[in-house]
Amino acid sequence: MAENSNLLLFLLLVIFITRLSNLLKKIGQPSLLGELGFGIIIALLSFYNIKFFQGLTTNATVAFFSELGAIFLLFEIGLESNIHLLKQNGSYAFIIAISGAILPFVSGYWFASYFVTDATKNFCLFFAATLAATSTGIAVRMFKEYNLINSKSCQIVLTASVIDDIISLITLTCITTIVTTGNLDISNLVIILIKIIVFLIFLYLAIKKIFKYFVDINKKDDSLNISIIIFICISASWLAHMVGLSSIIGAFLAGLFIDKNYFSNKHHLIFAFIWIFVPIFFIYSGMQININSLLNFGTLKFALLLSIIAIITKIIPPLFIPSKTNFLDRIAIGVGMVPRGEIGLIIALIGKEIKVLNDYYFSIITLMVIITSFISPILLNQVLKKMEIKNK
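First, a word on what this report is: a plain description of the structure on this page. For clarity, every value in this text was computed on a predicted model and none was experimentally measured.

Comments concerning the overall build of the protein chain
Next, step 1: Secondary structure summary: the protein chain contains 18 helices and zero strands in total.
Next, step 2: Looking at the protein chain residue by residue over its 392 residues, the buried ones come to 53%.
Next, step 3: The long-range fraction of contacts in the protein chain, counting pairs at least 24 apart against all pairs at least 6 apart in sequence, stands at 81%.

Focus on helix α3 (residues 60-80)
Next, step 1: Taking 1.5 Å of rise per residue, 21 residues should cover 30 Å, and α3 covers 30 Å from first to last C-alpha, within 8% of that figure.
Next, step 2: Capping the start of α3, Asn59 holds a side-chain oxygen 2.8 Å from the backbone nitrogen of Thr61, two or three residues further along.

Concerning the environment of Ile170
Next, step 1: For Ile170, the position within the fold is in helix α8 (residues 152-181).
Next, step 2: Ile170 sits in the partly exposed class, given a relative accessible area of 23%.
Next, step 3: Note: C-alpha distance between Ile170 and Leu189 (19 residues apart in sequence) is 6.7 Å.
Next, step 4: Ile170 has contacts with Leu189 and Leu193, leaving out every residue within four places of it along the chain.

Regarding helix α11 (residues 247-257)
Next, step 1: Where burial is concerned, most of α11 is hidden: 11 out of the 11 residues are buried.
Next, step 2: Among all positions in α11, only Ser247, Ile248, Ile249, Gly250, Ala251, Phe252, Leu253, Ala254, Gly255, Leu256 and Phe257 are buried.

Remarks on the packing of aromatic side chains
Next, step 1: Applying the stated criterion across every chain, the model contains 15 aromatic pairs.
Next, step 2: The interplanar angle of 20 degrees and the centroid separation of 5.4 Å between the aromatic rings of Trp110 and Tyr114 together place this pair among those described as stacked. Here Tyr114 and Trp110 lie together in helix α5 (residues 90-115), a separation of four residues that amounts to about one turn.
Next, step 3: Given a relative accessible area of 46%, Trp110 falls into the partly exposed group.
Next, step 4: For Tyr114, a relative accessible area of 57% corresponds to the exposed category.

Looking at the packing of α5 against helix α15 (residues 297-320)
Next, step 1: Running from N to C, α5 and α15 point in directions that differ by 155 degrees, and their axes come no closer than 8 Å. Regarding the angle of α5 to α15, the classification is roughly antiparallel. Like other packed secondary-structure pairs, α5 and α15 cross with a definite hand, here right-handed. Residues Tyr92, Ile96, Ser99, Gly100, Ala101, Leu103, Pro104, Ser107, Trp110, Phe111 and Phe115 of α5 lie in contact with α15, whose contacting residues are Phe302, Leu305, Leu306, Ile309, Thr313, Lys314, Ile316, Pro317 and Pro318.
Next, step 2: For the contact of α5 with α15, a count of residues per class yields 15 nonpolar, four polar and one charged.

So, the side chain of Glu35
Next, step 1: Assignment of secondary structure puts Glu35 in helix α2 (residues 31-47).
Next, step 2: Residue classification places Glu35 among the buried positions, given a relative accessible area of 0%.
Next, step 3: Excluding its chain neighbours within four sequence positions, the residues that come into contact with Glu35 are Ile17, Ser21, Arg141, Pro279, Phe282 and Ile283.

A look at the nonpolar core
Next, step 1: Formed by 89 residues in total, the largest nonpolar core has its most connected members in Phe75 and Phe143.
Next, step 2: Looking at this core, the element that brings in the most residues is α3, giving 11 residues.
Next, step 3: Phe75 has contacts with Ile229, Cys233, Ala251, Phe252, Ala254, Gly255, Ile258 and Ile270, leaving out every residue within four places of it along the chain.
Next, step 4: In this structure, Phe302, Leu306, Leu357 and Met368 belong to the second largest nonpolar core, which totals 35 residues.

Regarding the packing of α5 against helix α6 (residues 121-132)
Next, step 1: Relative to each other, α5 and α6 sit at 140 degrees, their axes nearing to 7 Å. By the angle class used here, α5 and α6 are oblique. For the pair α5 and α6, the crossing hand works out as right-handed. Along the contact surface, α5 presents Gly100, Ala101, Pro104, Phe105, Gly108, Tyr109, Phe111, Ala112 and Ser113, while α6 presents Lys121, Phe123, Cys124, Leu125, Phe127, Ala128, Ala129, Leu131 and Ala132.
Next, step 2: Counted by class, the contact of α5 with α6 contains 14 nonpolar, three polar and one charged residues.

About the criteria used
- Residues numbered from 1 in each chain as written.
- Predicted model: local features only at pLDDT ≥ 70, side-chain atom pairs only at ≥ 80, totals over all residues.
- Heavy atoms only, no water.
- Helix = DSSP H or I, 4+ residues; strand = E, 2+ residues; numbered from the N terminus.
- Buried < 20%, exposed > 50% of the residue type's maximum accessible area, 1.4 Å probe, protein only.
- Contact = heavy atoms within 4.5 Å.
- Expected span 1.5 Å × (residues − 1).
- Polar contact = N/O pair within 3.5 Å; in protein donor to acceptor, adjacent residues only side chain to side chain.
- Phe/Tyr/Trp six-rings, centres within 6.5 Å; stacked < 30°, edge-to-face > 60°.
- Axes fitted to C-alpha atoms, helices over the stretch in contact; angles between N-to-C directions.
- Parallel < 35°, antiparallel > 145°, perpendicular 65-115°, else oblique.
- Left-handed = near helix turned anticlockwise from the far one by under 90°.
- Nonpolar A, V, L, I, M, F, W, Y, C, P; charged D, E, K, R; others polar.
- Core = buried A, V, L, I, M, F, W, Y, C linked by side-chain atoms within 4.5 Å.

See below:
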């Protein structure tokens, strides 16, 4: 009962933090910076054993709420995205995703082999893989706050993130196989690609056919329609997870495939879920910072250096790939690809579980993930302000 009481108080705290964070918009700053910042404050209070905050940073229910927040955020982004725009930018996004994975991977491998004296090949591979990942949630929240979801730069970031997620999955499979068996099993990669293709085809057909059927027979029943919408969102997330993709990619695709003509006047049906769960995702991300690591100058210096490399290697590719986008768009795309988020943490966690990464280097990677997730909205805020002014 005590734990349930704490969770209820936490939800009240989330509502309070959300309202305070919204005040940042009045001074030209994104609200998610407040949510990330409050998350770090909670982590600090937990570190110093303040009673209520003890255990919140590792609470499984809060982590689950956070995952739901990421799912609903990407589902909403999918609903507001235009599939035709994604198709138009697909080739450019593909090149960005490939180059934006290779450059950080190579840089990460070099960094580990050069700066870590006892680094093994397996260690360097996992270390590099965490830099190659990209997380979508933070950047798209920024684009949404500036009403730029359907801008070319946002659509490229979204498309590239989906491709990047597939690349990360294949990379992780290759590295894990090499580390655990010493060989690369091509058959595993073929199976993964088949699963992804079947998943995409099934999801598209299921939503286009099944969703339309239920909507047609329940046009005026909002209570039933909201159940159908949430069912599709959660089902797509679960299926994506089952084939090895990030659950948020499944949610994004589900939102993308839903008929926009139907949903145009029913956005309010999921607003309550978005309003309460999405801030938890960003607050929880801030809560994951390891305060102990911040108190160690050597660890902090290592993490900052790694973060600089992580940031630069994601910003560079869009600047030098030929396209019709302007300079501001290219900067926005590069900065939007900077956050490593949950994808980088998942790769690091697997490396820790199979004893390739120890606690020290896991903390460094966690700090890098937090730094890239925190710096991206600050940089993107400046770029999107200029894009907003230019579009007026």
